[in-house]
Structure formats: structure tokens, C-alpha cells
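Listed below, chain by chain, are the residues.
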Amino acid sequence: MRGFVVLPKRWIVERFFAHLMRTRRLVRDFERRTASAEAMVYWSMTLLMTRRLARPGPGRG
């Protein structure tokens, strides 16, 4: 193949990293323990999911 080909799995990973980078504490490697970094990832994903659940969708009026 020639030219640019979109890889669908890559977009999923890049979107995930973009959501993590919105949480400023995860932009740099400030965490000393992996447990605290993991907690920040969970916190960031919780914020994302609550925003998605709170916004009105097409069937929610």
C-alpha cells in the first residue's frame, strides 16, 4: 500500500492518552509510587465516565 492508512486501534489508544493528559498531574512523571499513579489514572477515567453519563444523549431528551 502507498500513502497514509488509518489504523483504527491506534486511534483508541491515542484517544485514551489524550484523556489522561487532560489531567495535569499525569502530564509529567511526578508520582513516586506506581500505586499513586494508578490511582490518578482511575480518577481521570472516573471523571471521563461521569461526564459521558451526565451529558444528554439522543434518546435522553
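What you are looking at is a predicted structure, and each value in this text was computed from that prediction instead of being measured.

Rules used in this analysis
- Residues numbered from 1 in each chain as written.
- Predicted model: local features only at pLDDT ≥ 70, side-chain atom pairs only at ≥ 80, totals over all residues.
- Heavy atoms only, no water.
- Helix = DSSP H or I, 4+ residues; strand = E, 2+ residues; numbered from the N terminus.
- Rg over C-alpha atoms; globule rule 2.2 N^0.38 Å.
- Buried < 20%, exposed > 50% of the residue type's maximum accessible area, 1.4 Å probe, protein only.
- Core = buried A, V, L, I, M, F, W, Y, C linked by side-chain atoms within 4.5 Å.
- Contact = heavy atoms within 4.5 Å.
- Patch = residues over 30% accessible without salt bridge, like charges linked within 9 Å, V, L, I, M, F, W, Y side chains within 5 Å.
- Areas by Shrake-Rupley, 256 points an atom, 1.4 Å probe, with all protein chains shown as cover.
- Salt bridge = Lys/Arg side-chain N within 4 Å of Asp/Glu carboxyl O.

**Student:** Can you explain the overall build of the protein? Please cite residues and give values.
**Tutor:** Helix and strand content of the protein: two helices and zero strands. Computed over the C-alpha atoms, the radius of gyration of the protein is 16 Å, more than 25% above the 10 Å expected from 2.2 N^0.38 for a compact globule of 61 residues. Its C-alpha atoms give the protein principal-axis dimensions of about 45 × 45 × 15 Å. Looking at the protein as a whole, 15% of its 61 residues are labelled buried.

**Student:** Please provide a residue-by-residue account of the environment of R33, values included.
**Tutor:** Relative to the helices and strands, R33 is located in the loop between α1 (8-22) and α2 (34-54). Once the C-alpha coordinates of R33 and R55 are considered, the two residues, 22 residues apart in sequence, prove to be 34 Å apart.

**Student:** Hey, could you go over the nonpolar core for me, with residue numbers and the actual values?
**Tutor:** Of all hydrophobic cores here, the largest spans five residues; its members are L20, L26, M40, M45 and L48. When residues of this core are assigned to their parent elements, the largest contribution, three residues, is made by α2. When sequence neighbours within four positions are dropped, the list of residues in contact with L26 reads L20, M21, A37, M40, V41 and S44.

**Student:** Give a description of a nonpolar patch on the surface that names residues and reports values.
**Tutor:** Taken together, the side chains of F4, V6 and W11 make up a nonpolar region of the molecular surface, amounting to roughly 390 Å² of accessible area. Relative to the assigned elements, W11 resides in helix α1.

**Student:** If you had to explain the side chain of H19 to someone new, which residues and values would you point to?
**Tutor:** Among the structural elements, H19 can be located in helix α1. Taking the relative accessible area as the measure of exposure, H19 reaches 17% and is therefore buried. In this structure, H19 is in contact with S44, M45, L48 and R52, ignoring residues within four places of it in sequence.

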